[in-house]
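# Per-entry structural report
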Amino acid sequence: MFSLRAGSSLLRSVSSVAAQSTSRTTSNTLRTIVPSRGYAARSSGEAIASYDTVIPEFKTYKPITPGIRHLKRPLNDHIYKGKPVRLLTTALRKKGGRNSTGRITVRFRGGGHKQRIRLIDFKRTEPGPYDVVRIEYDPGRSGHIALTKARDLKVEGRAKWKYILAPEGLRAGDVVESYRLGLPDELLKGLRNEDELELKEAEELTAEEIAQRAKDKSTSDSLLIGILRGTIIKPGNCVPLKLIPTGTVVHNVALNPLGKAILVRSAGTFAQVVHHEANGRYSHVRLQSGELRKVLSNCVASIGKVSNPLWNERQLGKAGRNRWLGWRPRVRGVAMNACDHPHGGGRGKSKSDKHPVSIWGWGTKGTRTRKPGPRGPKGSNKMVLKERPRGKERKGEGATVQ
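Cut-offs and rules
Residues numbered from 1 in each chain as written. Predicted model: local features only at pLDDT ≥ 70, side-chain atom pairs only at ≥ 80, totals over all residues. Heavy atoms only, no water. Helix = DSSP H or I, 4+ residues; strand = E, 2+ residues; numbered from the N terminus. Buried < 20%, exposed > 50% of the residue type's maximum accessible area, 1.4 Å probe, protein only. Contact = heavy atoms within 4.5 Å. Areas by Shrake-Rupley, 256 points an atom, 1.4 Å probe, with all protein chains shown as cover. Core = buried A, V, L, I, M, F, W, Y, C linked by side-chain atoms within 4.5 Å. Salt bridge = Lys/Arg side-chain N within 4 Å of Asp/Glu carboxyl O. Pairing = 2+ DSSP bridges. Axes fitted to C-alpha atoms, helices over the stretch in contact; angles between N-to-C directions. Patch = residues over 30% accessible without salt bridge, like charges linked within 9 Å, V, L, I, M, F, W, Y side chains within 5 Å.

## Structural notes on the overall build of the protein chain
A tally of regular secondary structure across the protein chain gives five helices and 17 strands. In the protein chain, buried positions account for 26% of the 402 residues. Long-range pairs, those at least 24 residues apart, make up 59% of the contacts in the protein chain with a sequence separation of at least 6. For the protein chain, the exposed surface amounts to about 28500 Å²; the carbon and sulfur share of it is 55%.

Laid out in structure tokens, this is it:
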């Protein structure tokens, strides 16, 4: 009896294993035959990454000391770990936040690690292609910088090597070029030859053929403009605003046709070309704050947005790391004496029911102290077309649904 039961149970287990193997084989066959639906095209045999996989953007540390428990730094593995080119640097003489008369004009500054200033080319007047040698760290700014080398062998001295502000995505081996002095003759040569041939042939054509040629020319002109923009609109290139198509993201915006770039130079910032006026004198640029302003079309801007966009999300981890950067402790007003701050004095932690003010008595915590742009004094800033949103408008409470 026991042998019969054992035999039947063994037969049952073997049949179940065989059924499972058959079902697995069938399901695997169906998986290979029936194509799986996906949102992106991929080749057969390619490993499908999980949607739950998160690519780390910051470098964190095992908290073996209190100073690195909360330390968080953006991952920038492409940054060069060596020293800068000494020819393109100068010494930084620290002043501790004091001006030429010895008075403190910037509070809580002093100390810090010894640094050298990197000489950045914000004018980009030298034409011709420049090869990006490497991306470097700059202690004097939040964004990264790129070391470039001129391809022209005739260029010598400081014009051969340049530091420029690196846009997001620029890497070693890329090529950047400045079109501040105009487009090179190589790009315009083909256009000039075509125009000369058309002028010679137009004398022998009829009116209908000339009209057809005009239609073809408009099509070819739009095609040439597209090719031209595809050639010059690349990250890191310095281009006049009049040649930049609307909607393009830019940085390093100049306000003087002969001056250096002034606006949009901090890490992760960008502006956008919105409109070109019909007369061709001004271009409208929207800044990241939301302000819309007019800029002369002959002024230049660099394509792309500034690198190191995660800079503002870093965490230093300890107070000493802030001291290395040259910042001293920031003292609260209620902790001072009455002669040092409007919030100072008194017994205990009291500010005497005063409105929060700065050390100079100005209203703080959102109090308006000036009226810039069109709302301000007449002729204060004629170039601002629309102020940046403030208060309820910035939070979206004053926005109307259209």
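Let's pick the thread back up.
## So, the nonpolar core
Judged by nonpolar contacts, the single largest core of 20 residues is most densely connected at Leu241, Ile244 and Val250. Taken together, the elements giving at least two residues each to this core come down to β9 (238-240), β11 (253-254), β13 (271-276) and β16 (300-303). With three residues, the single largest contributor to this core is β16. Counting 10 residues, the second-largest nonpolar core is a separate cluster that includes Ile79, Ala146, Ile164 and Leu170.

## Thoughts on the pattern of salt bridges
Enumeration over the complete set of coordinates arrives at six salt bridges. The residue Glu126 makes a salt bridge to Lys162 at a minimum N-O spacing of 3.7 Å. A residue pair is termed long-range when its members are at least 10 positions apart, and Glu126 in the loop between β4 (116-118) and β5 (129-136) and Lys162 in strand β7 (residues 161-165) qualify at 36 residues. Glu126 sits in the partly exposed class, given a relative accessible area of 24%. Assessed through its relative accessible area of 16%, Lys162 is described here as buried. In this structure, the salt-bridge partner of Glu291 is Arg293, at a minimum N-O distance of 3.4 Å. Residue Glu291 shares its accessibility class with Arg293, and that shared class is buried.

## With respect to the sheet that holds strand β8 (residues 175-177)
What the four strands build is an open sheet, ordered β7-β6-β5-β8; its pairing is antiparallel. Of all the strands in the sheet, the pair left with one neighbour each is β7 and β8. Looking at each pair of strands side by side, their axes are set apart by 45° on average, direction ignored. With six bridges joining them, β5 and strand β6 (residues 145-150) adopt antiparallel strand pairing. Its bridge partner lying in β6, Ile135 is registered against Ala146.

## Re the sheet that holds β9
The strand order across the open sheet formed by seven strands is β9-β16-β10-β13-β14-β15-β17, and the pairing between neighbours is antiparallel. In the strand order of this sheet, the two ends are held by β9 and β17 (384-386), each with one partner. Strand after strand, the sheet turns through a mean of 45° between neighbouring axes, direction not considered. Pairing geometry for β13 and strand β14 (residues 282-286), over four bridges, is antiparallel.

## Here we look at a nonpolar patch on the surface
On the surface, Leu92, Ile117 and Leu119 cluster together to form a nonpolar patch covering roughly 200 Å² of accessible area. For Leu119, the position within the fold is in the loop between β4 and β5.

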